[in-house]
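Residue-level structure breakdown
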Amino acid sequence: MWKQFLSKLPRKSSKSDASSGSVSHPINDCTGPLNRNPIQRTSSGNVVPSRSTTVKRTASAIFPSSVVTSIEPLLLFKDVPNSQKQNLFISKLNLCCVVFDFSDPNKNSTEKDMKRQALLGLIDYVDAGASRFTEPMISACCKMFAVNLFRAFPPNTRSCTGGGENEEEEPIFDPAWCHLQLVYDLLLKFVESSSLDAKIGKKYVDISFIVRLLDLFDSEDPRERDCLKTVLHRIYGKFMVHRPFIRKAVSNIFYRFVFEADRHNGIAELLEVFASVISGFALPLKEEHRLFFQRVLIPLHKPKTLGVYLQQLTYCVTQFIEKEPKMACSVIKGLVRYWPVTNSQKEVMFLSELEEVLEAIDTTELKNCMVPLFQRLGFCISSSHFQVAERALFLLNNDHVISLVAQNRQAIMPLVLPALERNTRSHWNQAVINLSQNVKKMLSEMDEEIFLACKKELGKEEEKRRIAEEKREMIWEHLESSAALQPVTGNTAVLVMPTEAPPITAALT
């Protein structure tokens, strides 16, 4: 179909050949400044044709004939009449469908410069918004995006066990980024353009296109993930018909990450996109959004790489709580369920998120999860890891948390006071001891009667434990003395060790 369409395009006119000297100077260094001068002049004032003039005349020899169409793709848009600009647009897109190897910077440098100049011209044309995109233009754009962007990444050889959970690895940069960035810029301007009709565009920016775009979020290059984040957000806003599918596809990525792969490079960026999506949810929340909260966001606390995306995850959680405060109790129960018992770094992260959740909860909702929450806080307060203990004690010094404790002091004080007492008596870290004494003083001033009653009850429990321990020791002593008086003969089973046979050589001698 493409060959039939391209064969109908008008042939290049002689005027187009004459204007070829106005092509902008190609850039050898992809990261260098752009030189947009069409010609170069000598010191005597004579006009010297730029290097791109020679390059353009040999375009048909460098690129396949299927790429260079009837209009010379290296012409500038200003050098062709308006009736030919759409054909030139398609010609430039077909030229940009050629993919080069960027692992060797000296390989095909001339052709890479030609492609770069073509991409810059396309970006300027789309940015100008001179005319509406026709269906062939939209189709050619999506084809070029797919050819350049949709690719398979090499296997991930990084170790998943080295380093801490919040320790970011050294990023890997794609050597082809100097051209990929231009393709992403063009894609972003294409989606944002008012010249793009969403009704026509959705035929080409379809489900398959979106799925392959989402696969790119696993890129090792953080620059590419940052561009993808913006592009996905614009596609979500432009094509309303695809919104349910995008939400479902992103949820599936989260499911695979949590329950299967345990590794994905773009979780933080996807959560950042979803944070803006959550802020636009209408009230009351749909069942789909509640399930996403329960089955995706809360289980995302489970992976060991939580530190990489904790900030974005916490923001999404707080966005949901702002929409519907009743969800705060579900978050707290989820945190208690996935609480890391042997990972102190992750415990500190959980405590930080817990503080933000408690600042958004009211007393009524707190009563539904108060007991398991403060039981867990009690274990954290008496933790032998000083950072965990300090973070838990700082949490109890938060003004809003203090007000919640004051309103529910009869239930909360018995849960945290034993841990505070243990710290003041036997904790090895002096800072933790000082903080524990300050929290005890605060609880005493809050309600001295309840504080003394709890302390008295704590004394009774300690006495019971002391008596139980003494009884246990007496029982063991009795068992040991009884066993010492029993004969080792009779029906008593005796373990007999087998005797080793003498070596054969020794027997022969």
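Refer to the structure above for everything that follows.
Keep in mind it's a predicted model, so treat the numbers as computed, not measured.

With that settled, consider a nonpolar patch on the surface. On the surface, a nonpolar cluster with roughly 320 Å² of combined accessible area is contributed by Ile475, Trp476 and Leu479. Taking relative accessible area as the criterion, tryptophan 476 reaches 48% and is therefore assigned partly exposed.

With that out of the way, let us pick up the packing of helix α19 (residues 370-381) against helix α22 (residues 409-426). Here α19 crosses α22 at 5°, and the two axes come no closer than 9 Å. With respect to each other, α19 and α22 are oriented roughly parallel. Residue-level inspection shows Met370, Val371, Phe374, Gln375, Gly378 and Ile381 of α19 in contact with α22, the latter providing Ala411, Ile412, Leu415, Val416, Ala419, Leu420 and Asn423. By residue class, the composition of the contact of α19 with α22 is 10 nonpolar, 3 polar and no charged.

Glancing now at the packing of helix α20 (residues 386-396) against helix α23 (residues 430-446). Each pair of packed helices can be described by the angle between their axes along with the distance between the axes. Contact geometry for α20 and α23: axes closest at 10 Å, N-to-C directions at 25°. In terms of their interaxial angle, α20 and α23 are classed as roughly parallel. Every pair of crossing elements has a handedness; the one defined by α20 and α23 is left-handed. Contacts between α20 and α23 involve Phe386, Ala389, Glu390, Leu393, Phe394 and Leu396 from the first element and Ala431, Val432, Leu435, Ser436, Val439 and Met442 from the second. When the residues that make up the contact of α20 with α23 are grouped by side-chain class, the tally is 10 nonpolar, 1 polar and 1 charged.

Cis geometry is found at the peptide bond from leucine 283 to proline 284, where omega equals -5°. Inspection of the secondary structure assignment puts proline 284 in the loop between α13 (267-279) and α14 (287-297). Backbone geometry at asparagine 108 places phi at a positive 55°, although glycine is not the residue there. Judged by its relative accessible area of 30%, asparagine 108 falls in the partly exposed class. Even without a glycine there, the phi angle at aspartate 262 is positive, about 65°.

Our focus in this paragraph is the pattern of salt bridges. Counted under the stated rule, the structure contains 19 salt bridges. For aspartate 174, the salt bridge goes to arginine 151, with nearest N and O atoms at 3.4 Å. Of this pair, aspartate 174 sits in the loop between α7 (135-149) and α8 (177-192) while arginine 151 sits in the loop between α7 and α8, placing them 23 residues apart in sequence. Judged by relative accessible area, aspartate 174 falls into the partly exposed class, the value being 21%. A salt bridge links arginine 425 to glutamate 462; its shortest N-O distance comes to 2.8 Å. Separated by 37 residues along the polypeptide, arginine 425 in helix α22 and glutamate 462 in helix α24 (residues 448-485) bring together distant segments of the chain.

Rules and cut-offs
In this numbering scheme, every chain counts its residues from 1 along its sequence in written order. Note on the predicted model: pLDDT of at least 70 is required for a residue's local features to be given, and 80 or more for side-chain atom pairs to be given and counted; whole-chain, interface and lining totals, by contrast, use all residues. The basis for every side-chain value is the complete set of heavy atoms in the structure, and neither hydrogens nor water enter the calculation. Note that patches include only residues with greater than 30% relative accessible area and no salt bridge, and the join distances are 9 Å for like charges and 5 Å for nonpolar side chains (Val, Leu, Ile, Met, Phe, Trp, Tyr). Methods summary: accessible areas were calculated by the Shrake-Rupley approach with a probe of 1.4 Å, and residue burial reflects only the protein chains presented. One speaks of a salt bridge when a side-chain nitrogen belonging to Lys or Arg is within 4 Å of a carboxyl oxygen belonging to Asp or Glu. Using a 1.4 Å probe on the protein chains alone, a residue whose accessible area is under 20% of its type maximum counts as buried, one over 50% counts as exposed, and one in between counts as partly exposed. In this analysis, axes come from line fits to C-alpha atoms, helices being fitted only over the stretch in contact, and the angle between any two N-to-C directions falls in the range 0 to 180 degrees. A helix here means a DSSP run of H or I that spans at least four residues, while a strand means a run of E at least two residues long, and both kinds are numbered starting from the N terminus. Under this scheme an angle from 65 to 115 degrees is roughly perpendicular, one under 35 degrees roughly parallel, and one over 145 degrees roughly antiparallel; angles in between are oblique. Pairs of residues are marked as contacts when any of their non-hydrogen atoms sit within 4.5 Å. Classification convention: Asp, Glu, Lys, Arg as charged; Ala, Val, Leu, Ile, Met, Phe, Trp, Tyr, Cys, Pro as nonpolar; all other residues, Gly among them, as polar. Whether a crossing is left-handed or right-handed is set by the direction in which the near helix is turned from the far one by less than a right angle, anticlockwise for left-handed and clockwise for right-handed.

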